[in-house]
Amino acid sequence: MPLNRSRLAMRALPFIAGFFVALASPLASASVFNPETFMLDNGMQVVVVPNHRVPVVTHMVWYRVGSADEATNESGIAHFLEHLMFKGTKKRKNGEFSEIVARNGGRENAFTSTDFTAYHQTIAVDRLELVMEMEADRMTNLVITPDQVEPERQVVLEERRSRVENEPGSILREHLNATLFMSHPYRNPVIGWKHDIEGLDIDRILAFYKRWYAPNNAILVVAGDITAEKLRPLAEKYYGIIPRQLDTVRQRAKEPPQLAERRVTLRDKRVRQPSWRRIYLAPGLLWGESNHTYPLELLSNIVGSGASSRFYKSLVIEQKIAVAAGVHYSGDNRGPGRFVVYASPRPGVDMETLEAAVLKEIDTLQSDGVSEDELDRAKTRLLSEAIYARDSLSGGARVIGSALATGLTIDDVEKWPDRISAVTRDAVNEAAKAIFNTQQSVTGLLLPEEKS
Amino acid sequence: MKYNSLKSTQIVFSLILVGLIAITSQPAQAITAQQVTSPGGLNAWFVPDNTNPILTIKFAFRGGAALDPAGKEGLSNVVSGLLDEGAGNIDSQTFQQTLNDLSIGLSFDSGRDEFSGQLTTLTRNQETAFDLLRLALTEPRFDAEPVERIRSQIMVRLKRNLEAPHAIASRTLFKTLYPDHVYGRPSDGTLETVEKLTTEDFREFVKKRLAKDNLIIGVVGDITAEELGIRLDQLFGALPDTAASWTVADVDPVDKGQTIVIERDIPQSSILVAQKGLMRPDPDFYAAFVMNHMFGGGSFTSRLYAEIREKRGLVYSVGTGLYPFDHSALILGSAGTANERAHETLSVLKTEWEKMAADGVTQNELDDAKTFLTGSYPLRFSSSGRIASMLVGMQVANLSVDYMQKRNSFIEAVSLDDINRVAKRILISENLVTVVVGKPDGITSTN
């Protein structure tokens, strides 16, 4: 899950959740967003996603760096830096960036994930140049001082408290990731471990910034009332003048063969409703048996997405064992993906019964496979999502930006409908046989404290 | 920090210039709403948009959870989970399967003052989508299986909320502010009340509360006004003409400076504060809206953000919001901070509350706030769903159909005197009701 610079006080940020649903089932049809793209001389890629409903644009700069690119003992540095990017530059005093965006009627934020970091503003198209100038400025001119870093460290620690430490479910999730990935850096939380956040010093943060923030490691995506023809001179003027740096290599620890099933149990007196989940290490477009990726997207939709999916029907409606049951799959990471099966018991159902019932569903799925009819319906559903995806101003920018920053291509986004359409029943059934390998999984139980 | 190079001064100058342009020339409004009246007399506010083959219909029935009968709290909420679980001769599973296969979004939601819903469909599937919505509103089945399933899901959520810090704080706050009024009850009900709700209750709800005379509709998408008129009758024409009559009394919150600490063994204290705010028709409402933006509403530029997060690093999120209900109003602030720093956070919050009331703001601060609030207004029109919500929200608040054209002029009309008067009028720190959930050092409950 990406972290935001700020959870706006009184407002939920549903688009983040929507964004990941969108990524998990990327959005498409013949082609999806019809973006235009070009490259600046310094190696910065530029993408334009037209949407002319209102004279407004979303301007995003994506860096090909996320928490999984952090060195040992500096977990959280990518996210901490993201917070500090709102301090001053050589030209601008602390806080001025946000003041100027606001004074011009713009909204802004930033977020960090395992594979990318992004900064964005939404603003009237006649103010686009202004935010381009400021965003280009902070790509290389950031100035941070200890008297800014220390309060911001406390802000990040508070963010960690509210996202993780106050929530037993989040504490368990951290433990599950740290157990599923034995060596790969996805084992570390994006926000960082508390002791690492406490120990990050200004020199390391600036070294991280200098290493990763460069035009040839960045992607500019502008969505809205704009064309590539109009954007190009502005992109050249503001971003094109920033000197290219040495190319960086995203070297990450590799995951060794996984040979043992793992289980993690969290008992906490705050838990009023137990839950069960199993996370399987999964291939994705850029990791492992990538040919399984599209079949797994369809498989997860058939068995675990929504109130008419197989698992929900069987476990929640027919057997009345669970109040919730489903599946998530993410195959668009730079590193290993995750195929998550989850369920939460109805009152009076014990966890062993629940687990046995879920595993039986998986067995049936593996032995009988999915039907041609199930597959066709799932394809229609996923392809319809593409049309909805075009409706939102910034949705396309987010999907394309995250794809590019992760290491995928515009083609991967635009040809997604074709690739989904081409998946055969055999391919889905093969993927189903391959994915549920218990040796490459961790099972997590969230339980109330035992009554003594 | 100071500006210390000529270059930066030039940039700042040019930006101020841009700001001035923003004040004098309003960005053109790209969205115009129109009223459509059906042959049968139903009204909807409508924004046509044929960019994509999508149609979004939002609607609300006035009278929400506030009307749930005593002892049946949570009724609206449970019904909102049941209307898409089978209707007419379509059982729950077929209903859900059809929505899912055709990618039709149909959902219902219960708020304090309205019961609302949304239909989103690709135009190629609209016939089915319209049928399902009409059936859901007029012939819901409430079969035993879905009733028990949805009830158990809601009870799980209620159980979780018994331990979720923010939910505890919010429940306690409303109970304290409205001890003798329906607004003080938990809108989603309690384990006890939800357990006891019957199919008879659900049927009563549909019969009494979903009618034409309390219905509000907003539509965005690929349809003509003429066709929409006909479709409105198809969708909503079978509803009863009138809802059962109701009264909810106007009420002032009981805000007498109470502090309530709910002890929980968690590292971060969840803090909520509130007092009486202004209702939507109040002549000072826009002044309060602009004042709140400068005080705690603006995300990265508010005073509370600057003092509590930026300067002191006390919180990740802090802010205030106006809550104009139909029968009362609040200004509500929230913050989350480590237990050890809860006392400091709360005292800075209260100091800022006092400072704003005593000293008000400067003309510069007001000018900046206005350029943000007017300039960012078009940013809200970022998707069909958001526009449709605004169309419904405008009608709920009894605004005019051309409100989107006028709204910025209401903001512009707010003067410095208005702001400073309204700050004094509503920010009365000694009256604040404070709820803290956690183990806050140095904060104790008042009696």
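Procedures and definitions
- Residues numbered from 1 in each chain as written.
- Chains lettered and ligands numbered in written order.
- Predicted model: local features only at pLDDT ≥ 70, side-chain atom pairs only at ≥ 80, totals over all residues.
- Domains from an automatic or database assignment.
- Helix = DSSP H or I, 4+ residues; strand = E, 2+ residues; numbered from the N terminus.
- Nonpolar A, V, L, I, M, F, W, Y, C, P; charged D, E, K, R; others polar.
- Pairing = 2+ DSSP bridges.
- Axes fitted to C-alpha atoms, helices over the stretch in contact; angles between N-to-C directions.
- Contact = placed C-beta atoms within 7 Å.

### Here's the deal with the domain arrangement of chain A
Residues and elements named next belong to chain A. Domains assigned within chain A are domain 1 (31-238) and domain 2 (262-394 + 423-448). The C-alpha centroid of domain 2 is placed 31 Å from the C-alpha centroid of domain 1. Elements with a contribution of two residues or more to the side of domain 1 that touches domain 2: β4 (56-63), α6 (168-180) and β7 (218-224). Taken together, the residues of the side of domain 1 that touches domain 2 sort by class into twelve nonpolar, nine polar and one charged.

### Some thoughts on the sheet that holds strand β1 (residues 34-37) of chain B
All names here are of chain B. In spatial order, the strands read β1-β2-β6-β3-β5-β4; together these six strands make up an open sheet with mixed pairing. With one partner strand each, in any of the chains shown, β1 and β4 (105-110) form the two edges of the open sheet. Strand-to-strand twist of the sheet, defined as the mean angle between neighbouring strand axes without regard to direction, takes the value 20°. By the bridge criterion, nine bridges tie strand β3 (residues 54-62) to strand β5 (residues 114-122) in an arrangement that is antiparallel. The residue bridging I54 from the neighbouring strand is L122, located in β5. Contacts from helix α2 (residues 75-82) reach β4 and β5, with the element oriented near 175° to β4.

### Details of the domain arrangement of chain B
All names here are of chain B. Along its sequence, chain B is organised into domain 1 (34-236) and domain 2 (259-438). Taken over C-alpha atoms, the centre of domain 1 sits 29 Å from the centre of domain 2. In this assembly, 29 residues from domain 1 lie in contact with 24 residues from domain 2. Sorting the residues of the side of domain 1 that touches domain 2 by element identifies β1, β2 (43-48), β3, β5, α6 (165-177) and β6 (215-221) as the ones contributing at least two each. The element best represented in the side of domain 1 that touches domain 2 is α6, accounting for nine residues. Residue composition of the side of domain 1 that touches domain 2, by class: 14 nonpolar, ten polar and five charged.

### Here we look at the interface of chain A and chain B
Contacts between the two partners involve 65 residues from chain A and, on the opposite side, 71 residues from chain B. At the level of secondary structure, the elements contributing two or more residues to the side of chain A that touches chain B comprise α3 (96-103), β6 (117-124), α5 (146-165), α11 (310-318), β10 (322-330) and α13 (372-389) of chain A. A breakdown of the residues in the side of chain A that touches chain B according to their chemical character gives 21 nonpolar, 20 polar and 24 charged.

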